[in-house]
Amino acid sequence: MRMKKPAVVFATAALMTLAACGGGSGSSKGPSANPTNAGNGGSAGSFKNADAKAPLAVPSDASTGGTFTVLTNQVPSTLDPTQAYYTDSTAILSDLVLRSLTQYAYDPDTNDMQLIPDMAVDLGKPSADNKSWTFTLRDGLKYEDGTAVKAEDVAYAVKRSFAIAELPDGPTYQTTFFLDGDKYKGPFKDKGDYAGVTTSGNDITIKMRRPFTDMDYYASFPTFTAIPQAKDNPQTYGKKPLATGPYKFADYKPGTELKLVKNDQWDPNSDPGRLQAVDGWDFKFGQDTAKLENVIINDKGSSQTTLTYDNVTPSSYRAISSDKGRLVTGTSPCTYMWYLDTTKIKELEVRQAIGWAYPYQAAWKAGGEIQGLTRVPGTAILPPGTAGRVDYQALDGQDGKTTDPAKAKALLSKAGYKPGEYELKFLFATDDDQSVAAKNEIVKGLKAAGFKATPIASTSETIRTDRTDYKSPINVRSSGWCSDWPTGGSWFPAQWAGSLVGVEGMPNIANFKQADMDAQQNKILDTMTPEEAGPAWGEFDKTMETKYYPAVNTGYSGTAMIHGSKVGGMDNDNVRGMPTFARMYITK
Amino acid sequence: MGIQPTELSTDDVHEDADVAVREEVAGRSPTQIALTRLKADKIAVTCIIVVILFVLIAALAPLLTKLFGVELHQGNPVTDLDQFNFPNYGPPDHGFTWKAPLGIAPNTANDLTAEWFYGARTSLFVATVSTVVATIIGVVVGLFAGFSRGWLDRLINFVIDVFLSLPFILVALALAPIIVGRFGSQPGRLVMWQFISLLTVLSLFGWMTLARLVRGEVLSLREREFVMAARVIGVPTRRILFKELLPNLIAPIIVSISLGLPAFVTAEAGLAFLGIGVTGYPSWGQTINKAVNYFNTYPIYLYAPVLGILVLVMALNLLGDAVRDAFDPKTRR
């Protein structure tokens, strides 16, 4: 799916133009990219824990009370549960306010996020063919006003997610996978029944029109919370959604501020993933980056309980690096890539030569990324933290940060091109300093490797439309992709399916269409169980890159957030690249 | 009735002294008087020296960078920067080195000395060309408006009003993406056209005040006897404008130029700071834009171009004031 944070979209749109910058020289400062159990094609089971027990223990160093201040440059576009699709809005809603059928919880032992039950007692029970999923609600769940949460309310929330005309911009997998997803238009337009979701007692059953192995992950979106139909008004519900989680809306000024206070109807004994350790949260949106970084770094008074979820800038990174305890690093599930247009760059050798020619580290630095911190080097398309991910080297010896002009030249001459003969054209944004600086380094690197580099100028505003234009005179496109959930199922069908070539908006950026790869994808989607699908996607990743090399991995996005000295329990939620709000507390 | 000289005592007559003073005054044009005054003005002389220094730096930028052994975009971010993307050598963190007298830029490792020299070049070139073009437009338009009377005067005044009411920054902001869209696929021509559009925008918005000033002066001058006389004996209008009126306008024009130059230096830096203007070429405004985030962690990055602009603009402004004072018949210093 698209990069989620609005500002990230902006920043990266420009950056990705060309540079997509990334990872690092494996410095000792390295982020906890933590690929330990992410790689190795392990079982998907390590990413799920259906037996997580409530309540979550309160850490011994937690004090009671206090208020967190969260300062950010971002502005969430909406906090309606159905529309929330950006990393910041989903994290705020899911971690603090709204419970869904399932949830992600931070696992300190592995430094990874685990999928655990939330309102449901388990992670859902799929039918044998994965065409029907049943979730059972816990007993005694209540809204902030004390009324009971019913299975019908969750069913209504599912129906509501089809109302794309009234509630646009939310996730849309339901239209692809759910029964009648292409026909049903939501409860506001379609007054009749929707056969795709049924309830019986505490059970909610969702029926599919094609096998959907990742429903348990998808059920963690705020889309799958409980919304009482009687209290819903699609225009205003997002201003004050009815809380089921540990905190509720006290005051929300869209675009400026969100104040949360304790929800006394939330029962810790029903929730295995969340704490209610502070009195309230005060989110301030649209803050100036330099100012908020200074406030947090100075760490005086109330700034000791202040944090941000914006990535730290290099200039502040050095200031905070003496105080490592206040810096939270990790990965977020996005991969930046140089998509090589396979309809224009037809020779495999030339594509592989680009992989050796790309000046990874120089372009990352020039683009203002901190090596190994806000960009992490890698070769697999699936980022660390994805179930079944295989760590491999598509080009022998290429570890995602090594540039070798000699090898590039050798491959070029093997393909029959003299140095300076093969032309690579790519976009950059003239009004973005970092984009221009990264472009300069890329041109330098490509020239050294025997390519002719022609950067095409664009602007931050037009670069995305220029990039997705099939007629653009470019043969390399810089972009990226982020997980919706940590399996290959939210990656390859969305960007690498041959059927997407030629579709408006250019979802298949590399114009990659190979019959054998498409067949393998369909096999995974239609015949495999969730446990088999994870490793199968990992293998698919490896096969595609090794055999065709349609994209140069220019690094995974990293997260580096700073916080005040009394902020406890703040880790990186590597599913979203956000702080683990659900477990945070103020230290004694 | 007056006293006859012969009736005065010889002691009262100081013929020699009187004559000497009169001779000196008689032989000097207003410009000469102004130059004499300027020469006596210590601030003006200092400013002229500073400005000449900057002009030399701008003109000799390639030579100077060679002399210092630096060049544009020479750095390699991979080897020259540490893990924080900060420089591995150079002031202020690592002490002075001739390898990079003003340090290197974080993130890109570009040499800041070279950027500073070439930045001076961009600033002065843009300011000079824009001033010259704006002055020519302003003088010509002002002369015609003042001398023509009737509909042409009204039309020109209307055009001046239109240009004065256009928001300068908005036009510059709107023009930049158009240029990029049109020439984006030709990297070489893009820089040239960005330069041309920058110069055009600056000149197009810099001539109106001078045009009004010149028009006012012409309105009063054209009723004078020497202009009347010229018209009576049939001197062509063009000749009257450029040979009779223009020389009398030298003073306000020079003052306008000397005050316009620093304004254009600041305007160019301001536009570059906003990300419009020339992108493929170093300029002080761009460097400042990149450096603001480093104001407390790597101050030299910001201070070098800021100091450059400050000194240059101050020198030009003080010089402009001095020139105005020198040309103003009402000042007596």
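Residues numbered from 1 in each chain as written. Chains lettered and ligands numbered in written order. Predicted model: local features only at pLDDT ≥ 70, side-chain atom pairs only at ≥ 80, totals over all residues.

A.B. asks: Please provide a residue-by-residue account of the overall build of chain B, values included.
C.D. replies: For chain B, the helix and strand inventory stands at 15 helices and 0 strands. Against the compact-globule benchmark of 20 Å for 333 residues, chain B has a radius of gyration of 26 Å, which places it well outside the compact range. In terms of overall dimensions, chain B has a C-alpha envelope of 95 × 60 × 30 Å along the principal axes. Classification of the 333 residues of chain B by burial places 38% in the buried group. Considering only intrachain contacts with a sequence separation of at least 6, the fraction spanning at least 24 residues in chain B is 72%. (Helix = DSSP H or I, 4+ residues; strand = E, 2+ residues; numbered from the N terminus. Rg over C-alpha atoms; globule rule 2.2 N^0.38 Å. Buried ≥ 20, exposed ≤ 12 C-beta atoms within 10 Å, placed from the backbone. Contact = placed C-beta atoms within 7 Å.)

A.B. asks: For the overall build of chain A, give the residues involved together with the corresponding values.
C.D. replies: Check the secondary structure of chain A and you find 15 helices and 21 strands. Computed over C-alpha atoms, the radius of gyration of chain A comes to 24 Å, within 12% of the 25 Å expected from 2.2 N^0.38 for 588 residues, which places it in the range of a compact globule. In terms of overall dimensions, chain A has a C-alpha envelope of 75 × 55 × 40 Å along the principal axes. Counting the 588 residues in chain A, one finds 58% classified as buried. Counted over contacts in chain A with a minimum sequence separation of 6, partners at least 24 positions apart contribute 77%.

A.B. asks: So what's going on with the interface of chain B and chain A? Residues and values would help.
C.D. replies: Counting from both sides, the interface comprises 27 residues of chain B and, opposite them, 33 residues of chain A. Of all the elements in the fold, those that place two or more residues in the side of chain B that touches chain A are α5 (77–80), α8 (168–183), α9 (187–204) and α14 (284–291) of chain B. The class makeup of the residues in the side of chain B that touches chain A is 12 nonpolar, 14 polar and 1 charged. (Nonpolar A, V, L, I, M, F, W, Y, C, P; charged D, E, K, R; others polar.)

A.B. asks: Residues and numbers for the environment of Asn572(A), please.
C.D. replies: Residue and element names in this part refer to chain A. Along the chain, the position of asparagine 572 falls in strand β19 (residues 572–573). Remark: the alpha-carbon pair of asparagine 572 and alanine 560, spanning 12 residues in sequence, is separated by 8.5 Å. Ignoring any residue separated from it by four or fewer positions in sequence, one finds asparagine 572 in contact with Val328, Thr329, Gly330 and Thr559.

A.B. asks: For the sheet that holds strand β5 (residues 132–136) of chain A, give the residues involved together with the corresponding values.
C.D. replies: Note on sheets: strands pair through backbone hydrogen bonds, and any given pair is parallel or antiparallel. Residue and element names in this part refer to chain A. Spatially, the 4 strands line up as an open sheet ordered β4-β5-β7-β6, and their pairing is antiparallel. Two strands lie at the open edges of the sheet, namely β4 (125–126) and β6 (197–200), each paired on one side alone. In terms of strand pairing, β4 meets β5 through 2 bridges, oriented antiparallel. What sits directly across from proline 126, in β5, is tryptophan 133. With respect to the sheet, helix α3 (residues 151–160) is in contact with β6 and β7 (203–207), its orientation differing from that of β6 by roughly 175°. (Pairing = 2+ DSSP bridges. Axes fitted to C-alpha atoms, helices over the stretch in contact; angles between N-to-C directions.)

A.B. asks: Tell me what's going on with the nonpolar core, and back it up with residues and numbers.
C.D. replies: If you look at the biggest cluster of nonpolar residues, it comprises 130 residues, and the most contacted ones within it are Trp338(A), Leu340(A), Ala353(A), Ile354(A), Ala357(A) and Leu319(B). Listed in part, the 90 residues of the second largest apolar core include Phe135(A), Val154(A), Phe249(A) and Phe283(A). (Core = buried A, V, L, I, M, F, W, Y, C linked by C-beta atoms within 7 Å.)

A.B. asks: Tell me about the sheet that holds strand β12 (residues 327–340) of chain A, and please be specific about residues and values.
C.D. replies: Residues and elements named next belong to chain A. Sheet architecture is open: 4 strands sit in the order β13-β17-β12-β16, paired in antiparallel fashion. With one partner strand each, in any of the chains shown, β13 (375–376) and β16 (476–482) form the two edges of the open sheet. As defined by bridge partners, β13 adjoins strand β17 (residues 551–562) across 2 bridges and the pair is classed as antiparallel. The residue bridging arginine 375 from the neighbouring strand is serine 557, located in β17.

A.B. asks: Could you give me a rundown of the confidence of the model for chain A, with the residues and numbers involved?
C.D. replies: Caution applies to low-pLDDT regions: their predicted coordinates should not be interpreted in detail. Across chain A, the average pLDDT comes to 87, with 92% of residues at or above 70. Confidence over residues 4–45 of chain A falls short of pLDDT 50; this stretch has 156 contacts with residues more than four positions distant or in other chains. (pLDDT = per-residue confidence, 0-100.)

A.B. asks: Could you give me a rundown of the pairing of strand β10 (residues 280–284) of chain A, with the residues and numbers involved?
C.D. replies: The two faces of a sheet get side chains in turn, since along a regular strand they alternate between them. All names here are of chain A. Where burial is concerned, the two faces of β10 differ: the one with Trp281 and Phe283 is buried and the one with Gly280, Asp282 and Lys284 is not. Across 5 bridges, the pairing between strand β1 (residues 67–71) and β10 is parallel. When the bridges of β10 are listed, threonine 69 appears paired with aspartate 282. Bridge count for strand β9 (residues 257–262) against β10 is 5 bridges, and the pairing is antiparallel. Paired with lysine 259 across the strands is aspartate 282, a residue of β10.

A.B. asks: I'd love a proper account of helix α14 (residues 515–527) of chain A, names of residues and values included.
C.D. replies: Here α14(A) contains 13 residues, and its C-alpha end-to-end distance of 18 Å stays within 8% of the 18 Å for a straight helix at 1.5 Å per residue. Buried residues along α14(A) sit in contact with α13 (492–495) and α15 (530–547) of chain A. (Expected span 1.5 Å × (residues − 1).)

A.B. asks: Got a sec to walk through the pairing of strand β2 (residues 102–107) of chain A? Specific residues and values, please.
C.D. replies: Residue and element names in this part refer to chain A. In terms of residue burial, β2 counts as a mostly covered element, since 5 of its 6 residues are buried. Sheet analysis places β2 next to strand β3 (residues 112–117), joined by 6 bridges and oriented antiparallel. By the bridge assignment, tyrosine 106 is partnered in β3 with methionine 113. With antiparallel pairing between neighbouring strands as the criterion, β2 and β3 make up a hairpin whose turn holds 4 residues, including asparagine 111 at a positive phi of roughly 60°.

A.B. asks: Summarise the packing of helix α8 (residues 348–357) of chain A against helix α10 (residues 405–414) of chain A; cite the residues concerned and give the values.
C.D. replies: All names here are of chain A. It is the contact of α8 with α10, at a shortest axis distance of 8 Å, that shows an interaxial angle of 170°. By the criterion of interaxial angle, the relationship of α8 to α10 is roughly antiparallel. Along the contact surface, α8 presents Glu349, Val350, Gln352, Ala353, Trp356 and Ala357, while α10 presents Pro405, Lys407, Ala408, Leu411, Leu412 and Lys414. Residue classes in the contact of α8 with α10 are distributed as 8 nonpolar, 1 polar and 3 charged. (Parallel < 35°, antiparallel > 145°, perpendicular 65-115°, else oblique.)

A.B. asks: Kindly report on α15(A), identifying the contributing residues and their values.
C.D. replies: All names here are of chain A. The terminal C-alpha atoms of α15 lie 25 Å apart, and with 18 residues this matches the ideal 26 Å at 1.5 Å per residue to within 8%. For α15, the complete set of buried residues consists of Pro530, Ala533, Gly534, Pro535, Ala536, Trp537, Gly538, Phe540, Asp541, Lys542, Met544 and Glu545. Residues of α15 that are buried sit in contact with α13 and α14. Note on α15: the residue one or two positions beyond its end, tyrosine 549, has a positive phi of about 45°.

A.B. asks: Which residues make up the confidence of the model for chain B, and what are the values?
C.D. replies: Residue and element names in this part refer to chain B. Looking at chain B, pLDDT values average 85 and 91% of them are 70 or higher. For chain B, the element scoring lowest by mean pLDDT is helix α1 (residues 15–26), at 52; helix α3 (residues 42–59) scores highest, at 94. If you check the scores for this complex, the pTM reads 0.79 and the ipTM reads 0.77.

A.B. asks: Could you give me a rundown of unusual backbone geometry, with the residues and numbers involved?
C.D. replies: In this structure, Pro55(A) follows Ala54(A) across a cis peptide bond, with omega equal to -10°. A cis amide bond links Pro91(B) with the next residue in sequence, Pro92(B), at an omega value of -5°. Along the polypeptide, Pro92(B) turns up in the loop between α5 and α6 (112–148). A positive phi is found at Asp169(A), a non-glycine position, where the angle reads about 75°. Positionally, Asp169(A) belongs in the loop between α3 and α4 (173–177).

A.B. asks: Let's hear about the environment of Val261(A): which residues, and what values?
C.D. replies: Residue and element names in this part refer to chain A. Position of valine 261 among the secondary structure elements: in strand β9. Separated by 10 residues in the primary sequence, valine 261 and aspartate 251 place their C-alpha atoms 9.1 Å from one another. Not counting residues within four places of it along the chain, the set of residues in contact with valine 261 comprises Tyr247, Lys248, Ala250, Asp279 and Gly280.

A.B. asks: Please set out the packing of α6(B) against helix α13 (residues 250–273) of chain B residue by residue, giving values where relevant.
C.D. replies: Residue and element names in this part refer to chain B. In contact at an axis separation of 8 Å, α6 and α13 are set at 135° when each is read in the N-to-C sense. Considering their axes alone, α6 and α13 lie oblique with respect to each other. The two elements α6 and α13 cross, and the hand of that crossing is right-handed. Side by side, α6 and α13 meet where Ser123, Val126, Ala127, Ser130, Thr131, Ala134, Thr135 and Val139 of the first sit next to Ile253, Ser256, Ile257, Gly260, Leu261, Phe264, Val265, Glu268 and Ala269 of the second. When the residues that make up the contact of α6 with α13 are grouped by side-chain class, the tally is 10 nonpolar, 6 polar and 1 charged. (Left-handed = near helix turned anticlockwise from the far one by under 90°.)

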